[in-house]
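Residue-level listing of the chains:
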Amino acid sequence: MSATPMIQLKSVQKRYPGADADAVAHLDLTIDEGEIVVLVGPSGCGKTTTLRMINRLAEPTSGSIVVAGRAIDSMPPHELRRTIGYVIQQIGLFPHRSIAQNIATVPALLGWDKHRTDARVIELADLVDIDRSMLARYPSELSGGQRQRVGVARALAADPPVLLMDEPFGAVDPIVRERLQRELLSLQQRLQKTIVLVTHDIDEAILVGDRVAILNTGGILEQYATPAEILTSPANSFVAGFLGSDRGIKRLSLLTIETHMIEDGPVVFHDTPTSEASDVMDRHALDWAIVVAEGRIEGSVSKSGLNGDTIAQSRMEVLDSVIERSATLKDALDVIISTNGRCAAVTEGGRYVGVITTAGISQRISQ
Amino acid sequence: MISVAQGSDQPIIVWDWIGRNLGNILDRTIEHLVLTAIAIVVGTLLSVILTLLALRWRRSYGPITWVTGLLYTIPSLALFTFLVPITGLSVLTAEIGLVSYTLLILVRNMVTGIDEVPQEVVDAAKGMGYTRRGRFWKIEVPLALPVIINGIRLATVTVIGLVTVTSLIGLGGLGFFILRGLQTFSSPIGTTQIFVGTALSIALAVTADLSLVALEKVATPWRPRGTP
């Protein structure tokens, strides 16, 4: 990742009229091109104010902000905002405009011609996985998750280098939220935008942030580092407290399954004799084995289900403890604990590659 | 002449009279509509100006509400009596009265409509890079339309009723028949005239109201149907 600064906050301070304390106290923050920086902290920590100062929805009391090499007060606010994508929690789609018109908001403000705008709208609908047949509809006809995607498409319409996201996934249910978070990450792999995202959810910060800025009440920056650094060495007791007592487990969500962690598992085939299958189970200290056919997992057999001469005659069961190769250790551990408590089969593109065990995971954490 | 109260063999409504006076009834209906239309158009224009003032300088909203509210409370009879020595028995007199009664309803609905535009929509519009003026005309006004049109509906129905009172100064559209009917109340012709004036006035109000509901539907296709 290049280390060219895209957004620089220099001693930025904000005090609202009539307040007797700063909302943001002399904040210095540099955000590099192409990285996702998450501002996280308890309510009243000034994270949203900080974000809104970048596109001048709030004006700093003192200090300066530079975006893409230009001081943000060197141009009228509306011109600045057309170059910065903006996504908010309540999404704020325009209810009286179709999905296509919503997405085309900034292109319309910039005076793009119809041909270019239409092409861009379709490109973005595909990008955020909104069916083209939805484009003529109004926002009230969409689900929460779909609206959120349209909100992101609208923010990206004029291809701004910078994207500001204020609690973008706060209004959707946890399942949709997790999907949208992953979609954001895959989107970012293709787009390489500079993204500043505000959240109060430390798990979200760890999941999506390249770097995380932890803010304390009054807009004091407590730590600004990668999620891994923050989890392994919190700067102070505030950060440690904010991370919570399960920060070891949280670290697991940053780690993925590595090749050396994948072990040979208790595998049997259709033509494996039952006596041999029993030996395989004993060798792995389990009372079940994975049935593999043509490289794929067919299911499992338990010791009590063994019958006849070979596995083909034995009772086959569904294998629940399966995890994709690209999964995080947190997901792997979750699958193991919620199934047999010992190990999970790992698949890559549908093909069985081995097993991962709790012992393997705990070894990785202690490194 | 036998009055209604005395003889029950006399018809309450003389259909012959209606047939003989169709031309006159049509003229008075048109006059009624024209007086209403002028009042609504002028009232709406004035209200737009007052609303822009109130939104631009928030502190003017209090006084604007106070003055238009005061106009609204003046009894219509008293207002016309007061105006006739100044502006005479003219359309101007009638319209000054009628327009006065629309302002409170219209201004209040316009300001409320704009105020009720969801904050997140305004915030998003700002963040997208709308200028203040662009945001107002392209986002806030279209979203306020349902509330604004509601105000126009209410004002229109009110004015259609009030126009009958302007018959006292020689105008009044269908109010003409009501006034004449009252003067000859004891005759079947009188009750017929009251009936015609009242029924058509109500019919006009209902028709105008339904037309405006239809207009609102056409003007706001984006609203989820099934909600009031």
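Residues numbered from 1 in each chain as written. Chains lettered and ligands numbered in written order. Predicted model: local features only at pLDDT ≥ 70, side-chain atom pairs only at ≥ 80, totals over all residues.

Draft legend 1. Inspection of the overall build of chain B at higher detail. What chain B contains, in helices and strands, is 9 helices and 0 strands. Ordered by position from N to C terminus, the α and β elements of chain B give α-α-α-α-α-α-α-α-α. A compact globule built from 228 residues would reach a C-alpha radius of gyration of about 17 Å, whereas chain B, at 22 Å, exceeds it by more than 25%. In terms of its C-alpha atoms, chain B occupies a principal-axis envelope of roughly 75 × 45 × 25 Å. (Helix = DSSP H or I, 4+ residues; strand = E, 2+ residues; numbered from the N terminus. Rg over C-alpha atoms; globule rule 2.2 N^0.38 Å.)

Draft legend 2. Just the packing of helix α6 (residues 119-128) of chain B against helix α7 (residues 132-163) of chain B, in detail. All names here are of chain B. The N-to-C vectors of α6 and α7 enclose an angle of 160 degrees; their axes lie 11 Å apart at closest approach. With respect to their mutual orientation, α6 and α7 come out roughly antiparallel. Along this stretch, α6 crosses α7, giving a crossing that reads as right-handed. Taken together, the residues of α7 that come into contact with α6 (itself represented by Val-121, Ala-125 and Lys-126) are Arg-135, Ile-139 and Leu-143. The residue makeup of the contact of α6 with α7, split by class, is 4 nonpolar, no polar and 2 charged. (Axes fitted to C-alpha atoms, helices over the stretch in contact; angles between N-to-C directions. Parallel < 35°, antiparallel > 145°, perpendicular 65-115°, else oblique. Left-handed = near helix turned anticlockwise from the far one by under 90°. Contact = placed C-beta atoms within 7 Å. Nonpolar A, V, L, I, M, F, W, Y, C, P; charged D, E, K, R; others polar.)

Draft legend 3. Up close: the nonpolar core. Grouped together as the largest cluster of nonpolar side chains are 112 residues, with contacts concentrated most on A:Val38, A:Ala153 and A:Val196. Tallying contributions element by element places helix α5 (residues 91-115) of chain B first for this core, with 12 residues. Once residues lying within four places of it in the same chain are set aside, the contact partners of A:Ala153 are A:Ile103, A:Leu124, A:Ala125, A:Leu127, A:Val128 and A:Ile130. By size, the runner-up hydrophobic cluster in this structure holds 27 residues, among which are A:Ile290, A:Ile336, A:Ile356 and A:Ile361. (Core = buried A, V, L, I, M, F, W, Y, C linked by C-beta atoms within 7 Å. Buried ≥ 20, exposed ≤ 12 C-beta atoms within 10 Å, placed from the backbone.)

Draft legend 4. Structural view of the interface of chain A and chain B. With 18 residues of chain A at the interface, the matching set in chain B holds 16 residues. Sorting the residues of the side of chain A that touches chain B by element identifies α2 (77-81), β6 (84-88) and α4 (105-110) of chain A as the ones contributing at least two each.

Draft legend 5. Examining the environment of B:Leu204 more closely. Residue and element names in this part refer to chain B. Looking at the element boundaries, Leu-204 is found in helix α9 (residues 188-219). Residue classification places Leu-204 among the buried positions, given that 21 C-beta atoms sit within 10 Å. Sequence separation of Leu-204 and His-32 is 172 residues, and the distance between their C-alpha atoms is 9.0 Å. In contact with Leu-204, not counting residues within four places along its chain, are His-32, Leu-33 and Ile-160.

Draft legend 6. Here's a closer look at the sheet that holds strand β4 (residues 62-67) of chain A. All names here are of chain A. Spatially, β2-β1-β4-β5 is the arrangement adopted by the 4 strands of the open sheet, whose pairing is antiparallel. The open sheet is flanked by β2 (24-32) and β5 (70-71), the only strands paired with a single partner. Direction of pairing for β4 relative to β5: antiparallel, over a ladder of 2 bridges. Note that in β5 the partner of Val-66 across the bridge is Ala-71. Against the sheet, helix α1 (residues 47-54) makes contact with β1 (5-14), β2 and β4, and its axis sits at roughly 120 degrees relative to β1, the strand it touches most. (Pairing = 2+ DSSP bridges.)

Draft legend 7. Spatial organisation of α6(B). Listed in full, the buried residues belonging to α6(B) are B:Val121, B:Ala124, B:Ala125, B:Lys126, B:Gly127 and B:Met128. Contacts made by the buried residues of α6(B) are with α2, β6 and α4 of chain A together with α7 of chain B.

Draft legend 8. Summary view of the sheet that holds strand β8 (residues 194-199) of chain A. Residue and element names in this part refer to chain A. In spatial order, the strands read β6-β7-β8-β3-β9-β10; together these 6 strands make up an open sheet with mixed pairing. The open sheet has two free edges, formed respectively by β6 and β10 (220-225), since each of these has just one partner strand. Each strand axis lies, on average, 15 degrees off the axis of its neighbour in the sheet, ignoring direction. Packed on one face of the sheet, α1 meets β3 (36-40), β7 (162-166), β8 and β9 (211-216) and runs near 150 degrees to β8.

Draft legend 9. Seen up close, the environment of B:Ala219. All names here are of chain B. Within the fold, Ala-219 resides in helix α9. Among the residues examined, Ala-219 registers 16 C-beta atoms within 10 Å and is labelled partly exposed. Linking Ala-219 and Leu-145, residues 74 residues apart in sequence, is a C-alpha distance of 7.9 Å. Discounting chain neighbours no more than four positions away, the residues touching Ala-219 are Leu-145 and Ile-149.

Draft legend 10. Looking closely at the pairing of strand β12 (residues 288-293) of chain A. All names here are of chain A. Taken together, the 2 bridges between strand β11 (residues 267-268) and β12 define a ladder with parallel strand orientation. Counted as the bridge partner of Val-267 is Ile-290 from β12. The parallel pair β11 and β12 is bridged by helix α12 (residues 274-283), and the resulting crossover is right-handed. Where β12 lies against strand β13 (residues 296-302), 6 bridges are found, and the strand directions are antiparallel. The partner of Trp-288 across the bridge, within β13, is Ser-302. Two successive antiparallel strands, β12 and β13, enclose a turn made up of 2 residues, where Glu-294 displays a positive phi of approximately 50 degrees. (Right-handed = clockwise from strand over helix to strand, strands pointing away.)

Draft legend 11. Looking closely at the domain arrangement of chain A. All names here are of chain A. Segmentation of chain A into domains returns domain 1 (5-252) and domain 2 (259-365). Measuring from the centre of the C-alpha atoms in domain 1 to the corresponding centre in domain 2 gives 42 Å. Residues of the side of domain 1 that touches domain 2, tallied by class, amount to 2 nonpolar, 1 polar and 1 charged. (Domains from an automatic or database assignment.)

Draft legend 12. Structural view of the pairing of β6(A). For β6(A), a buried count of 5 out of 5 residues is recorded, marking the element as mostly surrounded by other parts of the structure. The alternating pattern of β6(A) places A:Ile84, A:Tyr86 and A:Ile88 and A:Gly85 and A:Val87 on opposite faces, both of which are buried.

Draft legend 13. Seen up close, unusual backbone geometry. Residues and elements named next belong to chain A. Unlike most non-glycine residues, Ala-68 shows phi in positive territory, near 50 degrees. Looking at the element boundaries, Ala-68 is found in the loop between β4 and β5. In the Ramachandran plot, Gln-192 falls in the positive-phi region, its phi being about 55 degrees despite a non-glycine side chain. Along the polypeptide, Gln-192 turns up in the loop between α7 (174-191) and β8.

Draft legend 14. Geometry of the environment of B:Arg28. All names here are of chain B. With respect to the helices and strands, the residue Arg-28 is situated in helix α2 (residues 22-56). C-beta crowding within 10 Å serves as the criterion here: with 22 such atoms nearby, Arg-28 is assigned to the buried category. For the pair Arg-28 and Phe-176, spaced 148 residues apart in sequence, the C-alpha to C-alpha distance is 7.6 Å. For Arg-28, the contacting residues outside a window of four places in its chain are Gly-173, Leu-174, Phe-176 and Phe-177.

Draft legend 15. Broad picture of the packing of α2(B) against α5(B). Residues and elements named next belong to chain B. Between α2 and α5, the shortest axis-to-axis distance is 7 Å and the interhelical angle comes to 45 degrees. By the criterion of interaxial angle, the relationship of α2 to α5 is oblique. Relative to α5, α2 is oriented so that their crossing is right-handed. For the contact of α2 with α5, the per-class residue count stands at 18 nonpolar, 5 polar and 1 charged.

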